[in-house]
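# Commentary on secondary and tertiary structure
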Amino acid sequence: MSEITNIVTPIRLDYTYTAGHATQRFLLGMAEGRILGQRCPECAKVYVPPRGACPKCGVPTTDEVEVTGKGTVTTFCIVRIPSDVLSVPPPFTCAHVLLDGADLPFFALIQECDFDAVRMGMRVEAVWAPKAELAATFESIRYFRPIDEPDAPYETYKEHL
Ligand SMILES: [Zn+2]
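A brief structural summary. Each chain has its residues counted from 1, following the order in which its sequence is written. Predicted model: local features are reported for residues with pLDDT of at least 70 only, side-chain atom pairs are reported and counted for 80 or more only, and whole-chain, interface and lining totals are derived from all residues. Excluded from the side-chain calculations are hydrogens and water; all other atoms, namely the structure's heavy atoms, are used.

### A look at the pairing of strand S1 (residues 35-39)
As a reminder, the rule being used: Under the scheme applied here, a residue whose accessible area is under 20% of the maximum for its type counts as buried, over 50% as exposed, and between as partly exposed, the area being computed with a 1.4 Å probe on protein chains only. Going along the chain from the N terminus, every DSSP run of H or I of four or more residues is numbered as a helix, and every run of E of two or more is numbered as a strand. Pairing between two strands is assigned when DSSP locates at least 2 bridges connecting them.
Of all five residues making up S1, four are buried, and the element is well covered by its neighbours. Judged from the two bridges that link them, S1 and strand S2 (residues 46-47) form a sheet pairing that is antiparallel. Each residue of the ladder has a partner; that of Arg39, found in S2, is Val46. The turn linking S1 back onto S2 is made up of six residues, and Ala44 within it adopts a positive phi angle of 70°.

Below, the structure is given as structure tokens:
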């Protein structure tokens, strides 16, 4: 008899949590087609989405900052297995996008280009849901797509990997 080294067990965990003021403000911005973050009053870092406090300084982030939907791919991964939460057939690419003016990368789906064309430094922009479908959810941004701008130099995002 051979040794059993691992088994596959389907597991699903659903979480319900209180959004809190910062996340609520961010999600309400999504419903308006706006990307809202907050700036730390001590180190000036801009968090998008905001969590209500700066993890580095330990102080509340109360200054609201609106950033554009343009940003830079800092890291990415190619997904080759189907996802229950995304209707996109594999392979597809997900990336951390550092939005212009923000200091925290935003996790996003990249579309409108070959999955293997995505690269570090690639400039992208948010593609929003139609106005009538905007809601207080991350899904108001359908995905990000490449824009016709030169790749960002590594030095401009290396601190955000
Ligand atoms: Zn800070």
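### Structural notes on the packing of aromatic side chains
Formally: Side-chain rings of Phe, Tyr and Trp, where Trp is taken by its six-membered ring, are said to pair if the distance between their centres is within 6.5 Å; with planes under 30 degrees apart they count as stacked, over 60 as edge-to-face, and otherwise as tilted.
Inspection of every chain in the model, using the stated rule, returns five aromatic pairs. Here Phe106 and Phe138 contribute two aromatic rings whose centre-to-centre distance is 6.2 Å and whose plane-to-plane angle is 45°, an arrangement assigned as tilted. Of the two residues, Phe106 is situated in strand S6 (residues 106-110) and Phe138 in the loop between strand S7 (123-128) and strand S8 (141-146); the sequence distance between them amounts to 32 residues. By relative accessible area, which is 38% here, Phe138 ends up partly exposed. Between the aromatic rings of Tyr154 and Tyr157, the centroid separation amounts to 5.5 Å while the plane-to-plane angle is 85°, which identifies the pairing as edge-to-face. Connected via pairs of aromatic rings, a cluster forms that spans Phe26, Phe106, Phe138 and Phe144.

### Describing the layout of surface pockets
This is how it is decided: Computed over the protein atoms alone on a 1 Å grid, cavities are sets of points where a 1.4 Å probe fits but cannot get out and pockets are open sets with protein on both sides within 12 Å along at least five of seven lines; a residue lines them when it has an atom within 4 Å of a point. Grid points are joined across faces, edges and corners, and a volume is the space filled by probe spheres set on the points. The classification used treats Ala, Val, Leu, Ile, Met, Phe, Trp, Tyr, Cys and Pro as nonpolar, Asp, Glu, Lys and Arg as charged, and all other residues, Gly among them, as polar.
When its volume is computed, the largest pocket comes out at roughly 640 Å³. Forming the walls of the largest pocket are 19 residues, and the residues nearest its centre are Leu86, Phe107, Phe138, Glu139 and Ile141. Counting only elements with at least two residues in the lining of the largest pocket, the list comes to S6 and S8. For the lining of the largest pocket, a count of residues per class yields 14 nonpolar, two polar and three charged.

### Some details on the side chain of Gln38
Condition: Any pair of N or O atoms that falls within 3.5 Å is considered a polar contact. Within protein, one atom must be able to donate a hydrogen and the other to accept it, and sequence-neighbouring residues count only if both atoms are side-chain atoms.
Position of Gln38 relative to the elements: it lies in strand S1. Judged by its relative accessible area of 10%, Gln38 is buried. Separated by 2.8 Å, the side chains of Gln38 and Thr61 make a polar contact.

### Focus on the environment of Leu134
Short version of the rule: Residue contacts are defined here by distance: any two heavy atoms, one from each residue, within 4.5 Å place the two residues in contact.
Looking at the secondary structure, you find Leu134 in the loop between S7 and S8. Classification of Leu134 by relative accessible area gives buried; the value is 17%. Sequence separation between Leu134 and Thr16 is 118 residues, and the spatial gap between their C-alpha atoms is 22 Å. Setting aside its immediate chain neighbours within four residues, Leu134 contacts Met30, Ala31, Glu32, Gly33, Trp128, Ala129 and Ser140.

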